[in-house]
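Coordinate analysis (summary)
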Amino acid sequence: QLQLVESGGSLVQPGGSVRLSCAASGFRLDAYAVAWFRQAPGKEREGVSCLGSTGSSTQYADSVKGRFTISRDNEKVYLEMNRLKPEDAAVYLCAVGSRYIIQATCNPREYTYWGQGSQVTVSS
């Protein structure tokens, strides 16, 4: 059973940056679709940054385009978040889907494995 563990969440001031990591122990991620979702209190889960299985396709929520970047290596998925805004505050979850999802998608139903989440707070 694949287990995902997020880290890197913190309290940051507006305009600041945070880098989240998601580790998948004993599992190579470089051939699978991966994604970052976020969930704020009272709001639906939102896909913010998604990467297709070959690494050549990405999808970003409009609200984060130009500020967030998803990447991965063999064992980790990363989310680089810059110019953070108070509305970016949420629990961020990483997810892993199928190796056949070549075209990136942020549809949560395409993802099988989920981490527990890492809290990002944006406040002055």
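A few points on the structure. The written sequence of each chain sets the order in which its residues are numbered from 1. Totals for whole chains, interfaces and linings use every residue, but because this is a predicted model, local features are given only for residues with pLDDT of at least 70 and side-chain atom pairs only at 80 or more, for both listing and counting. Note that water and hydrogens are dropped before the side-chain values are worked out from all heavy atoms of the structure.

Observations concerning the pattern of salt bridges
The rule for a salt bridge is simple: a side-chain nitrogen of Lys or Arg has to be within 4 Å of a carboxyl oxygen of Asp or Glu. Following the criterion strictly, the structure yields six salt bridges and no others. Put simply, glutamate 80 and arginine 19 hold a salt bridge, and the shortest N to O gap is 3.7 Å. Pair noted here: glutamate 80 is in strand β8 (residues 76–81) and arginine 19 is in strand β3 (residues 18–24), with a separation of 61 residues, a long-range link. Throughout this description, buried means an accessible area under 20% of the type-specific maximum (1.4 Å probe, protein chains only), exposed means over 50%, and partly exposed covers the range between. The class for glutamate 80 is partly exposed, based on a relative accessible area of 29%. Notably, a salt bridge pairs arginine 28 with aspartate 30, separated by 2.6 Å at the nearest N-O pair. Because the salt bridges share partners, they merge into one network encompassing Arg38, Glu46, Arg67 and Asp88. Under the DSSP-based scheme used, a helix requires at least four consecutive residues in state H or I and a strand at least two consecutive residues in state E, with every element numbered from the N terminus.

Here we look at the state of the cysteines
The criterion for a disulfide is a pair of cysteine sulfur atoms lying within 2.5 Å. Scanning the model with the defined rule gives two disulfides in all. The disulfide that involves cysteine 22 links it to cysteine 94, with 1.8 Å between the sulfurs. Between cysteine 22 and cysteine 94 the sulfur-sulfur dihedral comes to about 45 degrees; the bridge is accordingly right-handed. One end of the pair, cysteine 22, is in strand β3; the other, cysteine 94, is in strand β9 (residues 90–97), with 72 residues separating them in the sequence. The exposure class of cysteine 22 is buried, given its relative accessible area of 0%. Each disulfide pairs two cysteine sulfurs, and for cysteine 50 the partner residue is cysteine 106, the sulfurs being separated by 1.9 Å. Its S-S torsion of about 120 degrees marks the bond between cysteine 50 and cysteine 106 as right-handed, since a negative value means left-handed. Here cysteine 106 lies in the loop between β9 and β10 (111–114) and cysteine 50 lies in strand β5 (residues 46–51), a separation of 56 residues in the sequence. The residues cysteine 50 and cysteine 106 share a single accessibility class, namely buried. Numbered in order of appearance, the disulfide-bonded cysteines of the chain are paired 1-3, 2-4.

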